[in-house]
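Examination of the molecular architecture
Single-letter residue listing:
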Amino acid sequence: GTWRRPSAPRPPRPRKEPQQLVIPRSAAEEQRLRLERLMRNPEKTVPIPEKLNEWAPRPPPEFVRDVMGSSAGAGSGEFHVYRHLRRREYQRQDFMDAMAEKQRLDEEFQKKLERNKMIAEEQTAKRRRKRSGLLPLPWLRWRTTVPTADAA
């Protein structure tokens with residue numbers, strides 16, 4: 001390469017104060033050390049990792065170049081090609097089964113949420129009617145007639 005004359009000498013780097021080595025003895029202590037390290041410089045941005053995408057099988061190729069022939073007697077290399085194709089197909093089927101199961105569980109959960117919401121709404125409506133005087137209160141058994149909304 002080409003030789004360059006050194007320019008002005010570099011200023012010395014600022015030294016960091018040496019830190020003592022602390023070995024965390026529990027998960028709580030490890031978390032406390034991490035929080036202390038983050039809070040040393042609150043202006044510094046904290047990297048928050050993105051959610052990893054779920055694995056999905058590769059889509060099938062648009063054009064298959066290496067089609068297996070229909071003649072009898074496959075060569076010794078064809079077994080490995082077949083084995084890889086079979087493995088990929090099994091992975092694809094497992095993925096589809098897992099996605100169907102996940103979708104089924106999500107639907108069940110949504111139905112359960114809806115059912116719980118309806119039960120809570122019925123209870124709230126019942127309490128509302130009790131408080132408005134449209135339903136007899138259980139401790140007022142001596143009252144023979146129930147007041148109606150049009151009587152008031």
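Residues numbered from 1 in each chain as written. Predicted model: local features only at pLDDT ≥ 70, side-chain atom pairs only at ≥ 80, totals over all residues. Heavy atoms only, no water.

As recorded in an unreviewed UniProt entry, the protein goes by PRKR interacting protein 1 and comes from Malurus cyaneus samueli.

**What about a nonpolar patch on the surface?**
Here is the rule: Patches draw on residues past 30% relative accessible area with no salt bridge. Two like charges within 9 Å are joined, as are two nonpolar side chains (Val, Leu, Ile, Met, Phe, Trp, Tyr) within 5 Å. Areas reported here follow the Shrake-Rupley algorithm with a probe of radius 1.4 Å; residue values treat only the protein chains shown as occluding. Think of a salt bridge as a Lys or Arg side-chain nitrogen and an Asp or Glu carboxyl oxygen that are within 4 Å of each other. In DSSP terms, a helix is any run of H or I states spanning at least four residues, a strand is any run of E spanning at least two, and both are numbered starting from the N terminus.
The grouping of Leu-35, Leu-38, Met-39, Val-46 and Ile-48 at the surface amounts to a nonpolar patch, some 530 Å² of accessible area in total. Here Ile-48 shows up in the loop between helix H1 (27–40) and helix H2 (78–132).

**Observations regarding the packing of aromatic side chains**
Defined as follows: Note on aromatic pairs: the rings of Phe, Tyr and Trp (six-membered ring only in Trp) are paired at centre separations within 6.5 Å, and the planes decide the class, stacked below 30 degrees, edge-to-face beyond 60, tilted for the rest. Burial status follows relative accessibility: with a 1.4 Å probe on protein chains alone, a residue under 20% of its type maximum counts as buried, one over 50% as exposed, and anything between as partly exposed.
Inspection of every chain in the model, using the stated rule, returns 1 aromatic pair. An angle of 85° between the planes, with centres 5.9 Å apart, marks the rings of Trp-55 and Phe-95 as edge-to-face. Of the two residues, Trp-55 is situated in the loop between H1 and H2 and Phe-95 in helix H2; the sequence distance between them amounts to 40 residues. Judged by relative accessible area, which is 49%, Trp-55 ranks as partly exposed.

**Description of the pattern of salt bridges**
Following the criterion strictly, the structure yields 7 salt bridges and no others. The residue Arg-32 makes a salt bridge to Glu-29 at a minimum N-O spacing of 3.9 Å. Highlighted residues: Arg-32 and Glu-29, both in helix H1, separated by 3 residues, approximately one helical turn. Look at Glu-29 and you get partly exposed, because its relative accessible area is 21%. A salt bridge links Arg-104 to Glu-101; the nearest nitrogen and oxygen atoms lie 2.5 Å apart. Of this pair, Arg-104 and Glu-101 both sit in helix H2, 3 residues apart, which is roughly one turn of the helix. Accessibility expressed as a relative area gives 36% for Glu-101, which makes it partly exposed.

**Here we look at H2**
Going by this rule: Each helix should span, by expectation, one fewer than its residue count multiplied by 1.5 Å.
In this model, H2 (55 residues) spans 80 Å end to end at C-alpha, consistent with the 81 Å of a helix rising 1.5 Å per residue. Of the residues trailing H2, Gly-133 is marked for its positive phi of about 90°.

**Let's talk about the layout of surface pockets**
Filter applied, for reference: Buriedness for pockets is judged along seven lines, at least five of which must meet protein on both sides within 12 Å for an open set on the 1 Å grid over protein atoms alone, while cavities are sets there where a 1.4 Å probe fits but cannot get out, and lining residues have an atom within 4 Å of a point. Grid points are joined across faces, edges and corners, and a volume is the space filled by probe spheres set on the points. Residue classes follow a fixed rule: Ala, Val, Leu, Ile, Met, Phe, Trp, Tyr, Cys and Pro count as nonpolar, while Asp, Glu, Lys and Arg count as charged, and any other residue, Gly among them, counts as polar.
The volume enclosed by the largest pocket comes to roughly 440 Å³. Together, 15 residues line the largest pocket, and Pro-59, Pro-60, Pro-61, Leu-85 and Arg-88 are the ones closest to its centre. Here the lining of the largest pocket is built from residues that sort into 9 nonpolar, no polar and 6 charged. Each pocket or cavity is described by its volume, and for the second largest pocket that value is around 290 Å³. Around the second largest pocket, the lining residues are Arg-34, Arg-37, Leu-38, Arg-40, Asn-41, Lys-44, Thr-45, Val-46 and Pro-47.

**Re a positive patch on the surface**
Note the threshold: The sign given to each residue is positive for Lys and Arg and negative for Asp and Glu; His and the chain ends receive no count. By convention, the point assigned to a charge is CZ for Arg, NZ for Lys, CD for Glu and CG for Asp.
Positive charge collects at one region of the surface, where Arg-58, Arg-83, Arg-86, Arg-87 and Arg-88 lie side by side. If you trace the backbone, Arg-83 turns up in helix H2. For Arg-83, a relative accessible area of 34% puts it in the partly exposed group.

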